[in-house]
Structures are given as structure tokens and as C-alpha cells.
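Listed below, chain by chain, are the residues.
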Amino acid sequence: MKVLKFGGTSVGSAERMKALVNLIHNDEPKIVVLSAMSGTTNQLVQITEKLYQNLNQEANALIDALHTKYKQVVAELYSTEDKQKQALELLQLHFDYIRAFTQDLFTIHEERAILAQGELLSTALFQLYLEEQGINSVLLPALNFMKIDENEEPDADYIAKNLKAELAKYSGTNLFITQGYICRNAFGEIDNLKRGGSDYSASLIGAAADVSEIQIWTDIDGMHNNDPRIVKNTYPIAELSFDEAAELAYFGAKILHPSSVLPAKQKNIPVRLLNTMQPEAKGTIITAESAGGSIKAIAAKDDITAIKIKSGRMLLAYGFLRSVFEVFERYKTPIDMITTSEVAVSLTIDNAKFLNEIVAELQQVGQVEVDKDQTIICIVGDFLEERSGTGLKIFESLKDIPLRMISYGGSKNNISVLINTTDKVKALTALNDGIFERRNINA
Ligand code: ADP
Ligand code: ASP
Ligand code: MG
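Residues numbered from 1 in each chain as written. Chains lettered and ligands numbered in written order. Predicted model: local features only at pLDDT ≥ 70, side-chain atom pairs only at ≥ 80, totals over all residues. Heavy atoms only, no water.

(A) Structural context of the sheet that holds strand β4 (residues 175-179). The strand order across the open sheet formed by eight strands is β3-β4-β2-β1-β7-β9-β10-β8, and the pairing between neighbours is mixed. Each of the sheet's edge strands pairs with one partner strand only, and the pair in question is β3 (138-140) and β8 (239-241). Strand-to-strand, the axes of this sheet are offset by a mean angle of 20°, without reference to chain direction. (Pairing = 2+ DSSP bridges. Helix = DSSP H or I, 4+ residues; strand = E, 2+ residues; numbered from the N terminus. Axes fitted to C-alpha atoms, helices over the stretch in contact; angles between N-to-C directions.)

As C-alpha cells, then:
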């Protein structure tokens, strides 16, 4: 059994959905995880924003526009009257459900129910198309098995037990379709795995069903060595280790949801990144092995806040760092980077929800300075292979850019620097020219 996840662009139009059939129609048993059609989740977010502001008329206009867009998809996707009718009825149900939320109090629960509609629609429409094509498949409701606990962490035991129970109901079937992104929470309510979460669904499903491979099909031919949205001349990396891929995903490589590597790593299931527009391209394979080599790729993560705590009490003292870390623990706020000197510690967070509370508590320990709008540039590779010179190449490339923090040696896979977000494009380009061009010439 394999898991194949197709992202928004891969199901983004009737034409793309039709093309998908060629990629999944063979005898190999598989679970196909679909995202919402591209743009849909953003449009659903806009609708919820209007509803929060009580702008119901504007919300209704957006809902009608989205409904019309889907009717167009239905017109293009199905060739039989019967399936057209069924699909239009399906749309009516989903859009009436969304419209019902314009009439009452709007809270986070209603928001999550609306956000789930994108994946519910794409999977239902695609499965109906398979039926029209005479291809045997089963639609598995992700809400029956995908679950997060009270800490918003996936409940792996629950997922495995319930997914296996669902699969066992259809022993003669080898093609299953299910929704990415959506889940239930500890209270049984509809929830989600955060934006981009369909990748995470795919790896959680893969781990739960003990599959032989997890494939993430998207609109690019694998993990590139740098952010292709910002830097020209990037290229796909053929092989990555789980740890390297996890660092890149966590530090901003949008092709993978930040948490999506871990479930695969824990079960040692290879993850393959592939391109639906270019299915013959090799893509990237992520396994326990590292292919060696020094610097493999760079990613950048924005919206970082740096916090410096300076205290005379830190000098020659122990227990100081613990008192700092405990504050972050109390507010369930992960720390990404950390650097220390004898009198101060600097660290970064990407979730600034409790920043004011955290700063107020830290002020009991020392003087606190906060810098917003920072970016972490994460340079990933296998740095033990090349024991010297890596730092030089990196810092030489970045010589014109002010560096706020540097983190080196925390793991053998990662060197991170913190810069002002305004310097990001310059930094990524300079690193690309300084590291990869040179490596290519030497190769
Ligand atoms: P999907 O909708 O299929 O989940 P995403 O838009 O979430 O697709 O992810 C694919 C996009 O990630 C690519 O189109 C690319 O612009 C972006 N991306 C950012 N960094 C990288 C990288 N290092 N390698 C490949 N793609 C990247
Ligand atoms: N549809 C969701 C989103 O746009 C999940 C995903 O595409 O992975 O964030
Ligand atoms: Mg994505």
C-alpha cells in the first residue's frame, strides 16, 4: 500500500482532475489524499473573515461566487447528465451548509467547519468522477479517523486504530480517496492541521497504515536547493535524509508542511516529492540515509521575533537559563534559535501570540529587548562530511548583510542565521551565488 497526496494545483481544475486519473489508475493498492482545489481554502478564509465582522452580505456574495466557480468545474468535469446532476446536488448541500453560518453567531467552531468544506468538496467531486469513469474506489471520511488531542498533536493510536477499521470494511478495494488537512479535535469537533496540512495528513495516514511509500505530488519537481519563489536557477535535490527534509520544511520550504516529515521518519517510510505536471521527473526521495555532500539547500522562515534577556545575575550563575525557558514552557511557545553570552541570552520564537505575557515575565529575570520582523535563514546539509570551510563560504556570501544571530553546531544538519526580513531576498540570492554556483563549477 502507498499513500499519494495531491496538492491544490494538482486538483485545481476539471482538467487537472482528469489528468490525475492517469497517475492513480493501476493495480497498486493506494490511499489518495487530496487537498482542496487551489484557491478554495483562501476563499473560505475570506468568507470566515467577513462573517467574523458581521458583513453577512459580503460573505454571501463570496459564497455565491465560489459556488458559481464550482458549478463551472462540474460542467467541465462530467460528461453524463446523471453525474452532472449528482455533482450539482452535492455542491448545493455544501454551499447551503456554508450559507447557514451567515445567520447565527460566528465563532471558531463555525470557522473550522467552513474551512473543512474545500477538502470535502474536492474529494467528493473526484470520487464521483472516478465513478463516472467506471473506476472502483471508496471515499474514506477523514473525520472518521484523523484526530488531534488536547495539545493539538495528532493522536497516532486513535488514527491507526480507526483508519485500519475503515480500510477493513472494504477488503476488495485497492483505491481509497480521502481528505487532507481536516480532522477532529479532542472534543470531537471539526478541526484542521493548519494551512498546508494535507502533507501532514498524508504522512500521518502513511504511518498509521504502515505503507511502503508516501508520495507528495505537487507543482514542482521536488525539494529545490533554494526558494524558487525568490531565487532564480534553483534545482531539485535528488536525495535528502529525514532530518535534512524536516529542517527545510520547518524553516520555510513551503513544499512540505513543517511537521510532515516526523511521522514518516518514526516509521522509516520513504517520502517521495513528485511533480504532477512532469510525472516522469525524478523528484526528491527522503529516507533515513543522507546522500552526503556539504550544503544541500537553504530555506527561510519569516515572522520571527527575537528576544534578548540581559542580566547581571547570569554571570557565573546556574539556573538562569532554566528560569528563562520555563516562561516559554508556561505559554507553550517553542523556541527556534538560541545564542548565549556570559551576560545575555538571545532566542527566537515564531508564535508571538503570548509575546506580551512572556516579556512581562522575563522582565522579572532581566532587561528584555524585542526585535520583530526577523527572518531565519536555515542552511541545511551534512556538515560533518566537510569538516572545515563551510562556515567561511556561508559568511563570506553574507558579508554585506547584518546578522542578528548565528547558530552553528546545534545539529550536524543545520546552520541558521537571523536577519532583518528586509534583507531576506538579498541574503538568499547572495547565498545561492556564493554556495551553489561555486559548488557547481567545482563539481
Ligand atoms: P501544494 O498545493 O501541492 O501543497 P504548495 O504550494 O504547498 O503545493 O508547495 C509547493 C510550492 O512550494 C512550490 O510551488 C514552490 O513555489 C514552493 N517552495 C518553496 N520552497 C521550496 C523549495 N525549497 N523547493 C521546492 N518548492 C518550494
Ligand atoms: N487546503 C489546505 C490549505 O490550503 C491544506 C493544504 O492544501 O495542504 O492550506
Ligand atoms: Mg502545500
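(B) Structural detail: the site of ligand 2. As a matter of local geometry, ligand 2 sits amid Ser35, Ala36, Thr41, Glu119, Tyr181, Arg195, Gly196, Gly197 and Ser198. In this structure, Ser35 approaches ligand 2 through a side-chain N or O atom, which is 3.3 Å from an oxygen atom. For ligand 2, whose accessible area on its own is 260 Å², the fraction buried by protein is 86%. (Near = heavy atom within 4 Å. Polar contact = N/O pair within 3.5 Å; in protein donor to acceptor, adjacent residues only side chain to side chain. Areas by Shrake-Rupley, 256 points an atom, 1.4 Å probe, with all protein chains shown as cover.)

(C) Summary view of the packing of aromatic side chains. Applying the stated criterion across every chain yields a total of nine aromatic pairs. Sitting over the face of the ring of Tyr158, Lys147 holds its NZ or CZ atom 5.1 Å from the ring centroid. Cation over ring: Lys301 sits above Tyr250, and NZ or CZ is 3.6 Å from the ring centre. (Phe/Tyr/Trp six-rings, centres within 6.5 Å; stacked < 30°, edge-to-face > 60°. Lys NZ or Arg CZ within 6 Å of the ring centre and 35° of its normal.)

(D) Spotlight on the site of ligand 1. Neighbouring ligand 1 are 16 residues, the closest being Lys5, Thr218, Asp219, His224 and Lys254. Thr218 is positioned with one of its side-chain polar atoms (N or O) 2.7 Å from an oxygen atom of ligand 1. About the coverage of ligand 1: the protein hides 86% of its 570 Å² of free accessible area. Grouping the constituent residues of the shell around ligand 1 by class yields five nonpolar, six polar and five charged. (Nonpolar A, V, L, I, M, F, W, Y, C, P; charged D, E, K, R; others polar.)

(E) Examining the pattern of salt bridges more closely. Under the definition given, this model contains 24 salt bridges. Between Lys5 and Asp199 there is a salt bridge, with the nearest N and O atoms lying 2.6 Å from each other. With Lys5 in strand β1 (residues 2-6) and Asp199 in helix α8 (residues 198-208), this pair connects stretches of sequence that are 194 residues apart. Across this residue pair, the class does not change: Lys5 and Asp199 are buried. Glu131 is paired through a salt bridge with Lys83; the nearest N and O atoms lie 3.0 Å apart. Remark: Lys83 occurs in helix α4 (residues 81-100) and Glu131 occurs in helix α6 (residues 117-132); sequence separation between them is 48 residues. Assessed through its relative accessible area of 39%, Glu131 is described here as partly exposed. The network of salt bridges with common partners includes Asp64, Asp96 and Arg99. (Salt bridge = Lys/Arg side-chain N within 4 Å of Asp/Glu carboxyl O. Buried < 20%, exposed > 50% of the residue type's maximum accessible area, 1.4 Å probe, protein only.)

(F) Seen up close, unusual backbone geometry. Look at Asn54: it is not a glycine, yet its phi comes out positive at around 60°. By secondary structure assignment, the location of Asn54 is in the loop between α2 (40-52) and α3 (56-77). Positive phi is not limited to glycine here, since Asp210 has a value of about 50°. Of note, Asp210 is situated in the loop between α8 and β7 (213-218).

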